[in-house]
Amino acid sequence: MKRGTIGHENMENKWFLSMIRDDFRGGKINLARTLKLLEKLNIPCNHIHVKQVFKDNDRLKQGRITIEEFRSIYRVIAHREEITEIFNTYSEDRKFLYEKNLVAFLTQEQYVFNMNRSIVFEIIEKYEPIVEVKQARQMSLEGFTRYLCSSDCLVFNNEFRKVYQDMHHPLKDYFISSSHNTYLLSDQLVGPSDVWGYVSALVKGCRCLEIDCWDGSQNEPVVYHGYTLTSKLLFKTVIQAIHKYAFITSDYPVVLSLENHCSPSQQEVMADNLQSILGDTLLSDVLDDYAHELPSPEALKFRILVRNKKIGTLMETHARKGSDKHGQVEEYDEYEEIDQEEEEGKDKSSEPPDTLQVSSEKETQSSNVVKLPLFRRNKVKMAMALSDLVIYTKTEKFKNFYHSREHQQFNESNSIGESTARKLSKLKVALNFQTPGLPMDIQNGKFLDNGNSGYILKPQFLRDTETDFNPNKTPEDSNPVTLMIRVISGIQLPPSSRSLSNRADTLVIIEIFGVPHDQSKQQTRVIKKNAFNPRWNETFTFIIQVPELALIRFAVEHQNLLAGNELLGQYTLPVLCMSKGYRHVPLFSRAGENLEPASLFIYVWYVR
């Protein structure tokens, strides 16, 4: 007999009974104690599924089970056929994995390179529950199952859970996680405004927050969605919450994008609030060595920046530092974008005299002309106390790309109206942290990368001003990825909301988001009445031309031909952040809640 095979069944029985015997000393146990015992055995469970499995194994239907009935429940939940098949493929005796067997699995299937004995022994030490097996430096099916279902085998590569990118580039070289109408929790017209909107966004890694500011009573500025029935927050309360939670998730700078509708007197109150509450974290002057160029996220660690309109230059601001600015007000011209669809319905003669349409020779000669925006000029008053708090993030109305490239200063950024953005991008997407759904799934998935820091370094072809990148054309120097995914099974998926038990008619949709050429969607067949352990074993292949910009979304749905499919859970991540091999895909609800232990079991392989 091979070493380690003697008494295999006795060894597992001894371990199992040692873990559960005390719980049955008083006789049978009920559902609640069954759940606690499964937790003790480190088996994550969905209450709805355990309730159904318990019911199926309670032979006397008395709501209490014997020790043998519990063993049956344990096997149904913990011993999954698809994992047993993998274990048996690499186990010489179908009882244990010896060191060389585990090395073979890790190198051939999990693509673990630089393999050494310490890696193997570390996995055994961490996941093997049977002491005798662990001491023999072997792994049982119990340990192998725990390893494959662990965080070490998630589809998101753990290497990207830390900040690994170069954070010394100027701010403009990064995608920055940003939120719109951060203060709203639900509806943009009548929903509640709440400080929790800001806290939640910051905890999720958001680095740019919108604050919609209006005059309030008793000279206290308020935050709410103007001209709507949304509730109001005190500006200072919002700033206090931001100060407390700004750097919980990420050390990198937070930008407060002010939608400023306040009078000069209340702008001065805002400036006082920002300085008194934020203190040294507020960036109120240029950094040394960064008077003429944008600093990097690294240089701005633990700093908060104000994004707003600004009067004058940075050098003029620097010269005024420390002076009393109370009562100092300046005027500037603000160009407000006009909805052209509404304007086209009006008589030309009624067009206001201060209306301006901006164009450039390069754009007007283009054969693919986008209708350029109309602007109405307004005179706006601004308190210098607030203006001087704007350093590297001065806002400017977007005129056109040519104008921005030729005339925009290093510390200026554009605010593009929603209608113009849609026409320019030909894509209707809004990324509002308070609105769950596909746009937020994509946003959250994108910024999982680089340690969820809220800053992701753009690919070289987007940073290089000499590169003429066109998302509608495959780049000549493209380095495409061939991606293959085998959807093996689902684990304790959420039942359909329409089900009275633990069932759903489950299917998996895999969708690629990226440049137009890479957009793609494929799906599995439907497994009827099974949300507990559906098995698909279907393989899908994707050719991705620009993988640097590609995201992949796994969506599990319940098929409903009449009312439309119901989303049971989803997970989105950058394609280049995927780990190869046998992996689990965690699932999140539409509202972003973790649905653990619900997951997909897949196999990933790709090559460039």
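Residues numbered from 1 in each chain as written. Predicted model: local features only at pLDDT ≥ 70, side-chain atom pairs only at ≥ 80, totals over all residues. Heavy atoms only, no water.

Named according to an unreviewed UniProt entry, the chain is Phosphoinositide phospholipase C originating from Phyllostomus discolor. Recorded under Cofactor (unreviewed entry), the UniProt text for the chain is reproduced unchanged: "Ca(2+)". In its Catalytic activity (unreviewed entry) section, the UniProt record describing the chain reads: "a 1,2-diacyl-sn-glycero-3-phospho-(1D-myo-inositol-4,5-bisphosphate) + H2O = 1D-myo-inositol 1,4,5-trisphosphate + a 1,2-diacyl-sn-glycerol + H(+)". (UniProt positions renumbered as here; feature names shortened; annotations may be inferred.)

Visitor: Would you explain the pairing of strand β18 (residues 566–574) in this entry?
Guide: Regular strands place their side chains on alternate faces of the sheet. Buried residues dominate β18, accounting for 8 of its 9 residues. Pairing of strand β17 (residues 551–558) with β18 involves 8 bridges; the strand directions are antiparallel. Following the sheet pairing, Ile-552 is matched in β18 by Leu-573. (Buried < 20%, exposed > 50% of the residue type's maximum accessible area, 1.4 Å probe, protein only. Helix = DSSP H or I, 4+ residues; strand = E, 2+ residues; numbered from the N terminus. Pairing = 2+ DSSP bridges.)

Visitor: Please explain the packing of helix α5 (residues 81–90) against helix α9 (residues 141–148) as it appears in this structure.
Guide: Geometrically, a packed helix pair is captured by the angle between its two axes and the distance between the axes. One can describe the packing of α5 onto α9 by two numbers: an axis separation of 10 Å at closest approach and a directional angle of 115°. Relative to α9, α5 is oriented so that their crossing is right-handed. On the side of α5, the interface is formed by Ile-83, Thr-84, Ile-86 and Phe-87, while α9 contributes Leu-141, Phe-144, Thr-145 and Leu-148. Residue classes in the contact of α5 with α9 are distributed as 6 nonpolar, 2 polar and no charged. (Axes fitted to C-alpha atoms, helices over the stretch in contact; angles between N-to-C directions. Left-handed = near helix turned anticlockwise from the far one by under 90°. Contact = heavy atoms within 4.5 Å. Nonpolar A, V, L, I, M, F, W, Y, C, P; charged D, E, K, R; others polar.)

Visitor: What is the right way to look at the pattern of salt bridges in this model?
Guide: Side chains bearing opposite charge may pair, as long as their charged atoms lie close to each other. Taken as a whole, this structure holds 24 salt bridges when the rule is applied. Of the charged contacts, one joins Asp-22 and Arg-25 as a salt bridge, the two residues approaching to 3.0 Å between their closest N and O atoms. The residue Lys-325 makes a salt bridge to Asp-388 at a minimum N-O spacing of 3.8 Å. Residue Lys-325 is found in the loop between α13 (314–320) and β7 (329–338), and its partner Asp-388 is found in the loop between α16 (384–387) and β10 (394–397); the two are separated by 63 residues along the sequence. Residue classification places Lys-325 among the buried residues on the basis of a relative accessible area of 13%. Three or more residues are tied together by salt bridges with common partners; here these are Glu-81, Glu-85 and Arg-535. (Salt bridge = Lys/Arg side-chain N within 4 Å of Asp/Glu carboxyl O.)

Visitor: Would you explain the packing of aromatic side chains in this entry?
Guide: The way to describe two aromatic rings as a pair is by their centre distance and the angle between their planes. Tallying each qualifying case throughout the model produces 19 aromatic pairs. Consider the rings of Phe-105 and Phe-144, whose centres lie 5.1 Å apart with planes at 70°: the pair is edge-to-face. On the criterion of sequence distance, the pair formed by Phe-105 in helix α6 (residues 99–108) and Phe-144 in helix α9 is long-range, its members being 39 residues apart. What makes Phe-105 buried here is its relative accessible area of 0%. Feature note: the residues Phe-87, Tyr-90, Phe-105, Phe-144, Tyr-582, Phe-601 and Tyr-603 constitute an aromatic cluster, connected by ring pairs. It is Arg-137 that lies over the ring of Phe-121; its NZ or CZ is 4.0 Å from the centre. The side chain of Lys-580 reaches across the aromatic face of Tyr-111, ending 5.1 Å from its centre. (Phe/Tyr/Trp six-rings, centres within 6.5 Å; stacked < 30°, edge-to-face > 60°. Lys NZ or Arg CZ within 6 Å of the ring centre and 35° of its normal.)

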